[in-house]
Amino acid sequence: MSAKSGARIFKQRCEQCHSVEAGGKHKTGPNLNGLIGRKTGQAAGYAYTEANKNKGIVWDKDTLDVYLTDPKKYIPGTKMVFAGLKKKKERDNLIAYLYESTK
């Protein structure tokens, strides 16, 4: 896994809707700082769908991998419009970046 490659994927596919820095503002999607180990739908100040709030999983490598493959399938009712990353290597790299950048 390469966090450097994941940073490129984040910039291309995620950054228009999400930020990762501590204290960063919510955009169309929530700020992802503190994502790892947090339950779905829990970033303070962001208006999540009931589907996200009620999913009840904790974000880690495994749950992110499934989610990033097909967000609407994993959390039916989510407002995230991202279609997903079908390539496992891209998901692994993005997850490596998220682990580094959202601490």
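Refer to the structure printed above.
Each chain carries its own residue numbering, running from 1 in the written order of its sequence. Reporting in this predicted model follows two pLDDT cut-offs: at least 70 for local features of residues, and 80 or more for side-chain atom pairs to be given and counted; totals over whole chains, interfaces and linings ignore these cut-offs and use all residues. The basis for the side-chain values is all heavy atoms of the structure; hydrogens and waters are excluded.

### Structural notes on the overall build of the protein chain
Item 1. Where helices and strands are cited, they refer to DSSP runs of H or I of at least four residues and of E of at least two residues respectively, numbered from the N terminus. Within the protein chain, the secondary structure is distributed over five helices and zero strands.
Item 2. For the protein chain, the N- to C-terminal ordering of α and β elements is α-α-α-α-α.
Item 3. The C-alpha radius of gyration of the protein chain comes to 12 Å, within 12% of the 13 Å expected for a compact globule of 103 residues.
Item 4. A 1.4 Å probe rolled over the protein chains alone gives each residue an accessible area, and that area as a share of the maximum for its type sets the label: buried under 20%, exposed over 50%, partly exposed in between. Burial status across the protein chain gives 47% buried among its 103 residues.
Item 5. Should any heavy atoms of two residues lie within 4.5 Å, those residues are considered in contact. Put simply, 41% of the contacts in the protein chain that link residues at least 6 apart link residues at least 24 apart.
Item 6. Carbon and sulfur atoms provide 53% of the accessible area of the protein chain, an area that totals close to 6000 Å².
Item 7. In this charge count, Lys and Arg are treated as positive and Asp and Glu as negative; neither His nor the chain ends contribute. Charged groups are reduced to one reference atom each: NZ for lysine, CZ for arginine, CG for aspartic acid, CD for glutamic acid. Within the protein chain, one finds 20 positive and 10 negative side-chain charges whose respective centroids are separated by 3 Å. It is over C-alpha atoms that the radius of gyration is taken, and the globule rule equals 2.2 Å times the number of residues to the power 0.38. Each accessible area value is a Shrake-Rupley result obtained with a 1.4 Å probe; residue values ignore everything except the protein chains displayed when judging cover.

### Some words on the side chain of Asp-65
Item 1. Within the secondary structure, Asp-65 is located in helix 3 (residues 61-69).
Item 2. The exposure class assigned to Asp-65 is buried, which follows from its relative accessible area of 15%.
Item 3. Any pair of nitrogen or oxygen atoms within 3.5 Å is treated as a polar contact; in protein, a donor-acceptor pairing is required on top of that, and neighbouring residues in sequence qualify only through side-chain atoms on both sides. Within polar-contact distance, the side chain of Asp-65 engages the side chain of Lys-88 at 3.4 Å.
Item 4. When near neighbours in sequence (up to four residues on either side) are disregarded, Asp-65 contacts Lys-88, Arg-91, Asp-92 and Ile-95.

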